[in-house]
Amino acid sequence: MKSAHLRQAFIDFFVSKGHTAVKSSPVVPQNDPTLLFTNAGMNQFKDVFLGQGTRDYTRAVNSQVCIRVSGKHNDLEDVGLDTTHLTLFEMLGNWSFGDYYKKEAISWAWEFLTSVLNLPKSKLYATVYKTDDESIHIWQETTDIIPEHVLKFGDKENFWEMGETGPCGPCSELHLDRGPRACDKPRLPHVCAVNGDCARYIELWNLVFIQYNRHASGVLENLPSTHVDTGAGLERLAAYLQHTSSNYETDLFLPIIQKIEALSGIRYEDTPKGMPHRVMADHIRTLTFSISDNVMPSNEGRGYVLRRLLRRALRYAAQLGLKDPVLHTLVDPVIEVMGGHFEAIVQRKDFIKAVIKAEEEGFLRTLQSGLIQFDLAAQKASYHDQLLSGEEAFKLYDTFGFPIDLTQLMAKEKGLRVDQEGFDQALAQARQKSRQHIKLHQANFKAIPMGGEARIVTDPAEKLDMAKHHTSTHLLQAALRHLLGDHVYQAGSLVDTHRLRFDFSHFQSIDKKTLDTIEDLVNQKVQEDIEIEVFEKPLEEAKAMGAMALFGEKYEDIVRVIRIGDFSMELCVGTHVPSTSVIEKIKIIHEAAISAGTRRIEALAGTKAIQAYESEKKQAVIDRIETKMAHIHALIEEKNKFGQSTLPPLFSLSEENTLIHLEQKENEIVQFSKDLEKSLTHIKNKEAGNHVQDLLKNIHAIGTHGFRFLSSTLHDYDMSMLRVLGDNLITHQIQLIVILASGNHILIRVSDDICVQLGALKLLSQITQITGGKGGGKPSIAQAGGIDITRFESAIAFVKSQL
């Protein structure tokens, strides 16, 4: 049976039993900040089990995409090592909210497995909680399971709890005997058994009966209503029905693996050699669904999980000889396999591929260098008790982008260990430095709900300015989603009286033309004088209306909605203007990336804020122009000394100097200055070259070692001219020492054949002991400034005596 048919058969079966088919919820849990990712089908119904919410149905069925890469449900490190572990899987589930209970759940599970899927009854086993005699009786009386195949187990296997406190209850699991050949531990004294340690018996389906509430004291109290929560792995069922023991040889994975084979030219093997194929095939599914639900690769939280997965997959792609970005091309077979049921990944295909490709290109720039660095670190580790230091692991993380688990995996392949404690210490120190830096430069802001920041206001005028900027963030987000796509979501914000900052999910830079269009669209809505509606609604009703909420934010049952016509509707508790025309105007002043997949816009709202900004910026431009003009006059004066005259550019201030006009004038003056500097350098070099032949005539022998010596005092030479002259004098010379001085500068050049023996720095030290001044250099050239030129000849006499 194909996986698509299996999924639909499950849903259709329970719909026929009066269940409502519910869509798979996003992989980012809604209204539950305790979870990084949705890891079970029941996540979206958690509020019902906790007695905090209701639904307009009491029976539900779906196939939920689940991701298990953190906490106690973390399969990441095992993915690829075998043929069963996955980071993303589909959980087929049916639920009862105070409706049916054990009898129906057990009998329907048995009916689906044996009558719809035609699994052999003789191969099926049921486990129950050790004191749950009711379930044992139901299994034996309402189904034709072999009585001896109903087994009792304890808390670890057959008692389900949501957490340390809260809803819980016994569960009954269905297991399948795949036969002795499936055992992967055939040596004695091993005995195959349900819930044993081999692969012969596999769990197919878990039926959870939620009937208690556990208090902090440990006491179990009966719930007012009982519930059913079941989960069956689609991949595991598909593998059995498709006559394979490997998830990766089902039709859920084969198209992806075949694409990898075509790209690499290396056939897949269901052995350790096939690990690169398995890792890439698994990780691309998780990346596809996560990015579809607006999780962007980053260095924090969920985003960092994606970045780890992507970089881990790229490392295995490199093992297959794939050096260019390839993961984004695997999105196509993922959509081919799963897009029929999960429409969102089809609609967002191009976006998903673009995000993955951009992330690939970023990491591949450092991957090869990082692998070389790892090999060097591994060589060191082989001499130090097979331990790769925490410092080396942190360098791979910080400089080359290698997640620690990737370094650990690579080390394990070489028989090495990684100093995790040392890595944690290095990471903590780096984060502490970062926090200190941020604290040093951060203004004092108070966070407000809904993911933003705002300064505390008590003044009415300031409150209005704050409201203008707050409403503008709503308009800005709506414009971004309208023009860039619905992948744009708020990733953070700051609202103040004189500016706003808005961080959002987007994977590429925004050109000026698009920024102008965004600004124009917002200002159009400002001019339309749209009334700002503020009202309260139940959370689910507000979402159904289309109100935007922040991912991961926990909301109350009743939420406040801000609606701006048909252009924007968000959940928000902040202060807003009564209508958009009160804003007057907005101006975008900056746009840039703050991390991979996240960008930041800074903007101003209101005539007062914009005028203040432009006035301040105009003054900054004027200050820069005046500084540059002073520099130009100094250059012209210096150029006049060489008999060359130049007129300065014309510049005058007036009220008509707009910011745009001033910025254009600044560009012209900067270019004039560059051209003038280039011209002056040419003149100086030519002037320095004119003196070479005359000075060469003054070279004379000194001492008994064959050294030759030249010293000279020049007029109006700066250090750059001295260096040019020194280079010209020393070229093609042997055993020559050149010492030149002008003003308060001194330059020493020593020919290469004697620089190690004699050294320009040593000579400079002897001279500055007499002339004063400070400098530095290397054996062949040294220089100093701040010397007393009147003592230069005395210093030369001393050097000669030493030579």
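Residues numbered from 1 in each chain as written. Predicted model: local features only at pLDDT ≥ 70, side-chain atom pairs only at ≥ 80, totals over all residues. Heavy atoms only, no water.

Peer 1: Help me understand unusual backbone geometry in this model?
Peer 2: In terms of backbone geometry, most residues other than glycine have negative phi values and most peptide bonds are trans. Despite not being glycine, Asn294 shows a phi value in the positive range, around 70°. Among the residues examined, Asn294 registers a relative accessible area of 11% and is labelled buried. Of note in the backbone geometry, Asp529 takes a positive phi value of approximately 55° without being a glycine. Take Asp529: it is sitting in the loop between α17 (512-527) and β18 (532-538). Its relative accessible area of 44% is what places Asp529 among the partly exposed residues. (Buried < 20%, exposed > 50% of the residue type's maximum accessible area, 1.4 Å probe, protein only. Helix = DSSP H or I, 4+ residues; strand = E, 2+ residues; numbered from the N terminus.)

Peer 1: In this structure, what is going on with the sheet that holds strand β19 (residues 558-564)? I would like to understand it.
Peer 2: Hydrogen bonding along the main chain pairs the strands of a sheet, whether they run parallel or antiparallel. Within the open sheet, the 3 strands sit side by side as β18-β19-β20. Their pairing is antiparallel. A strand with exactly one partner marks an edge of an open sheet, and here the two such strands are β18 and β20 (568-571). Each neighbouring strand pair of the sheet contributes to a mean axis angle of 25°, computed without reference to strand direction. Where β18 meets β19, 7 bridges bridge the pair, whose relative direction is antiparallel. For Lys537, the partnering residue across the bridge sits in β19 and is Val559. (Pairing = 2+ DSSP bridges. Axes fitted to C-alpha atoms, helices over the stretch in contact; angles between N-to-C directions.)

Peer 1: How do you make sense of the packing of aromatic side chains when you look at a structure like this?
Peer 2: Aromatic ring pairs are described here by two measures, namely the spacing of the ring centres and the angle between the planes. The tally for this structure, following the rule as stated, stands at 26 aromatic pairs. Between Phe45 and Trp95, the ring centres sit 4.9 Å apart and the planes meet at 55°, which makes this aromatic pair tilted. Taken as a pair, Phe45 in the loop between β1 (20-21) and α2 (46-49) and Trp95 in strand β5 (residues 88-97) lie far apart in primary sequence, 50 residues in all. Across the pair, Trp95 and Phe45 agree in class, each one buried. Residues Phe289 and Phe342 carry aromatic rings whose centres are separated by 5.4 Å and whose planes lie at 85° to one another, so their mutual orientation is edge-to-face. Linking Phe289 in helix α8 (residues 275-292) with Phe342 in the loop between α10 (331-338) and α11 (343-347), this pair joins segments that are 53 residues apart in sequence. Take Phe289: its relative accessible area is 5%, and that puts it in the buried class. Taken together, the ring pairs in this structure connect Phe10, Phe13, Phe14, Phe112 and Trp205 into an aromatic cluster. Lying over the aromatic face of Tyr316, Arg315 brings its terminal NZ or CZ to 5.1 Å of the ring centre. (Phe/Tyr/Trp six-rings, centres within 6.5 Å; stacked < 30°, edge-to-face > 60°. Lys NZ or Arg CZ within 6 Å of the ring centre and 35° of its normal.)

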